[in-house]
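# Notes for the structure review
One letter stands for each residue in the lines below.
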Amino acid sequence: DTGVSQDPRHKITKRGQNVTFRCDPISEHNRLYWYRQTLGQGPEFLTYFQNEAQLEKSRLLSDRFSAERPKGSFSTLEIQRTEQGDSAMYLCASREGAGSPLHFGNGTRLTVT
Amino acid sequence: GEDVEQSLFLSVREGDSSVINCTYTDSSSTYLYWYKQEPGAGLQLLTYIFSNMDMKQDQRLTVLLNKKDKHLSLRIADTQTGDSAIYFCAEIPYSGAGSYQLTFGKGTKLSVIP
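Treat the numbers as computed from the prediction; the structure is a model and nothing was measured.

Conventions we followed
Residues numbered from 1 in each chain as written. Chains lettered and ligands numbered in written order. Predicted model: local features only at pLDDT ≥ 70, side-chain atom pairs only at ≥ 80, totals over all residues. Heavy atoms only, no water. Helix = DSSP H or I, 4+ residues; strand = E, 2+ residues; numbered from the N terminus. Contact = heavy atoms within 4.5 Å. Pairing = 2+ DSSP bridges. Axes fitted to C-alpha atoms, helices over the stretch in contact; angles between N-to-C directions. Buried < 20%, exposed > 50% of the residue type's maximum accessible area, 1.4 Å probe, protein only. Buried area = accessible area lost by both parts, 1.4 Å probe. Salt bridge = Lys/Arg side-chain N within 4 Å of Asp/Glu carboxyl O. Polar contact = N/O pair within 3.5 Å; in protein donor to acceptor, adjacent residues only side chain to side chain.

### Quick notes on the side chain of Ser-58 of chain A
- Within the element layout of this structure, Ser-58 of chain A appears in the loop between strand 6 (53–57) and strand 7 (65–68).
- When residues no more than four places from it in sequence are discounted, the contact partners of Ser-58 of chain A are Phe-45 and Leu-46 of chain A.

### Re the sheet that holds strand 7 (residues 61–66) of chain B
Residue and element names in this part refer to chain B.
- One open sheet accounts for five strands, arranged 1-3-8-7-6; its pairing is antiparallel. Edge positions in the open sheet fall to strand 1 (4–6) and strand 6 (55–58), since each of these has one partner strand only. Ignoring strand direction, the axes of neighbouring strands in this sheet form an average angle of 15°.
- The sheet contact formed by strand 3 (residues 18–24) and strand 8 (residues 71–76) spans six bridges and is antiparallel. Residue pairing in the sheet places Ile-20 in a bridge with Leu-74 of strand 8.

### Concerning the pairing of strand 7 of chain A
All names here are of chain A.
- The alternating pattern of strand 7 places Phe-65 and Ala-67 on a buried face and Ser-66 and Glu-68 on a face that is not buried.
- As defined by bridge partners, strand 7 adjoins strand 8 (residues 75–79) across four bridges and the pair is classed as antiparallel. Bridge assignment links Ala-67 to a residue of strand 8, and that residue is Leu-77.
- Connecting strand 7 to the antiparallel partner strand 8 that follows it, the hairpin turn spans six residues, and Gly-72 within it adopts a positive phi of roughly 75°.

### Some remarks on the sheet that holds strand 7 of chain A
All names here are of chain A.
- Strand order in the open sheet formed by four strands is 1-3-8-7, and the pairing between neighbours is antiparallel. Among the strands making up the open sheet, the edge pair consists of strand 1 (5–7) and strand 7. Sheet twist, expressed as the average angle between the axes of neighbouring strands with direction ignored, equals 15°.
- Both strand 1 and strand 3 (residues 19–24) contribute to a ladder of three bridges, which runs antiparallel. Following the sheet pairing, Ser-5 is matched in strand 3 by Asp-24.

### Section: the interface of chain A and chain B
- Every contact between the two is made by 23 residues of chain A and, on the other side, 21 residues of chain B.
- In total, chain A and chain B occlude about 1,700 Å² of area from one another, counting both sides; carbon and sulfur atoms represent 55% of this.
- A per-residue breakdown of the area chain A buries against chain B is headed by Glu-56, Pro-101 and Phe-104 of chain A, which together make up 25% of the total.
- Along the contact surface separating chain A from chain B lie zero salt bridges.
- At the junction of chain A with chain B, the criterion picks out six residue pairs in polar contact (both at pLDDT 80 or more).
- Counting residues per element, the ones that place at least two in the side of chain A that touches chain B are strand 4 (31–37), strand 5 (44–50) and strand 9 (88–95) of chain A.
- Considering each element in turn, the side of chain A that touches chain B owes the most residues, four residues, to strand 4 of chain A.

If you want it as structure tokens, here you go:
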């Protein structure tokens, strides 16, 4: 069990640029989640995949955000035309079943200048 | 509504017990979780409790659940400097949408004084 892996760990980008983050979940986990965490706050739910299907999206996920999980394994989160308010830690998590614990990666810290 | 509340700060002396408290609003929550976050890192699962349990003990950690008051606590015995971190309480609120996503509190920053 290698845990949930996220890449990159840190990303600094200029406002208006596009960024893409990758998440590799624990291999036998079919449920994958993206969360966003800003300073002094707990993680906030963004979106959820079961296998390759994106089944739920938070209202926090604006039109500039898109997530995919094309083969039901790794997932990508893309932010287009980044804004300074997008600066946050983006966390990926996976789980085996509905009520089982979420296992988190170490996150990607995005800084938009 | 879905809301999890925690006090923001707790300071204890090394060797003492720490008690971190949490209240939640969704009475239909099935599982409640405690996570630990160290600076610059993701969230590490510490322990969790099913809603039909009152207490769960795991080494130095004791979780108490009071469903009537919707109150959850985490007790850390013999607190060590390595326990300094932010502790998050989380619930799975009833969403009806099937994602079973977790709703987190803002976290309690535990500072352990040597």
